[in-house]
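# Breakdown of the fold
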Amino acid sequence: MNQYLNRQKKFWNKEIKNFDAIYSHNKSRLNNWLDATFRWDMYARFEYTMKNAIPIQGRSFLDVGCGAGHYSLEFGSQGAQKVIGIDISEKMIEICQQRAFELQLNDRCQFLQTDLLEYQPDTKFDVCIGIGLFDYIPEPLSVLTKMGEVVQDRIIISLPRFWTWRALVRKVRLTIKGCDVFFYKKEQIDRLLKQAAFKRYTIEKIGQLYCITAYV
Ligand SMILES: C[S@@+](CC[C@H](N)C(=O)[O-])C[C@H]1O[C@@H](n2cnc3c(N)ncnc32)[C@H](O)[C@@H]1O
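Residues numbered from 1 in each chain as written. Predicted model: local features only at pLDDT ≥ 70, side-chain atom pairs only at ≥ 80, totals over all residues. Heavy atoms only, no water.

### Regarding the packing of aromatic side chains
Across all of its chains, the model carries nine aromatic pairs by this definition. Centre to centre, the rings of F11 and W12 are 5.0 Å apart; their planes meet at 85°, and the pair counts as edge-to-face. Ring pairs connect the aromatic residues F11, W12, F19, Y23 and Y136, which therefore count as one cluster. The lysine or arginine in question, K185, covers the ring of F162, its NZ or CZ lying 4.6 Å from the ring centre. (Phe/Tyr/Trp six-rings, centres within 6.5 Å; stacked < 30°, edge-to-face > 60°. Lys NZ or Arg CZ within 6 Å of the ring centre and 35° of its normal.)

### Describing the site of the ligand
For the ligand, the set of nearby residues contains 21 residues, the closest of which are Y23, G65, D87, D115 and I131. At 2.7 Å, a side-chain N or O of Y23 approaches an oxygen atom of the ligand. At 2.7 Å, a backbone N or O of I131 approaches a nitrogen atom of the ligand. In isolation the ligand offers 600 Å² of accessible surface; the protein chains occlude 98% of this area. (Near = heavy atom within 4 Å. Polar contact = N/O pair within 3.5 Å; in protein donor to acceptor, adjacent residues only side chain to side chain. Areas by Shrake-Rupley, 256 points an atom, 1.4 Å probe, with all protein chains shown as cover.)

### A short note on the pairing of strand β3 (residues 109–113)
Here strand β2 (residues 82–87) runs beside β3; their pairing, made up of five bridges, is parallel. Note that in β3 the partner of I86 across the bridge is L112. What joins β2 to β3 is helix α5 (residues 90–102), and the crossover it makes is right-handed. (Pairing = 2+ DSSP bridges. Helix = DSSP H or I, 4+ residues; strand = E, 2+ residues; numbered from the N terminus. Right-handed = clockwise from strand over helix to strand, strands pointing away.)

This is how it looks when you write it as structure tokens:
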């Protein structure tokens, strides 16, 4: 793992509780209200992803940057045949494995600590997702290209928009915490998708995010 990934890994190992609380709502009433008001698009992208992943039953999924496993476990509980979640943070992977066990989904949901570029799956997946991932990727083309190589139907990704108030706030907040963060303009996304050989795709603006479904 290179120096950049090691820094990211350290950051996410520490940030796990804060990040997970956005989904679990295990926060004060004020903080939950702030999330619902200013981070509603994070919940909307979950709905977007599940809708665009249909059919889920019987298909295989790769969840890149799976975090605490919310997407992977949802695919598993909706009847996916195989789900692999990968993440560079071993703490995230531990939580995913524990949750899969508690939900009795460990026969179909597996989690591995690895960077996508090092991961060599035996077979292609039907769907590959990267949600909240590209925010932290300095060279998005290599990651998009690899996603295209490991999938046989579609990828679903989210990217944070460049010209938003939250981009500025996040840039300052995360830089102070030692985590690099990247934002995207629509023209850049079009270019990246074409360079990564995705010919057909849709880009939806959801709050301060772009949500994209691209077909191989
Ligand atoms: C914001 S969290 C998103 C988690 C999850 N996808 C979600 O939306 O709930 C970003 C995750 O990406 C992981 N990550 C960052 N760079 C990565 C890389 N190159 N390969 C795999 N995982 C990575 C981090 O460790 C972190 O857990």
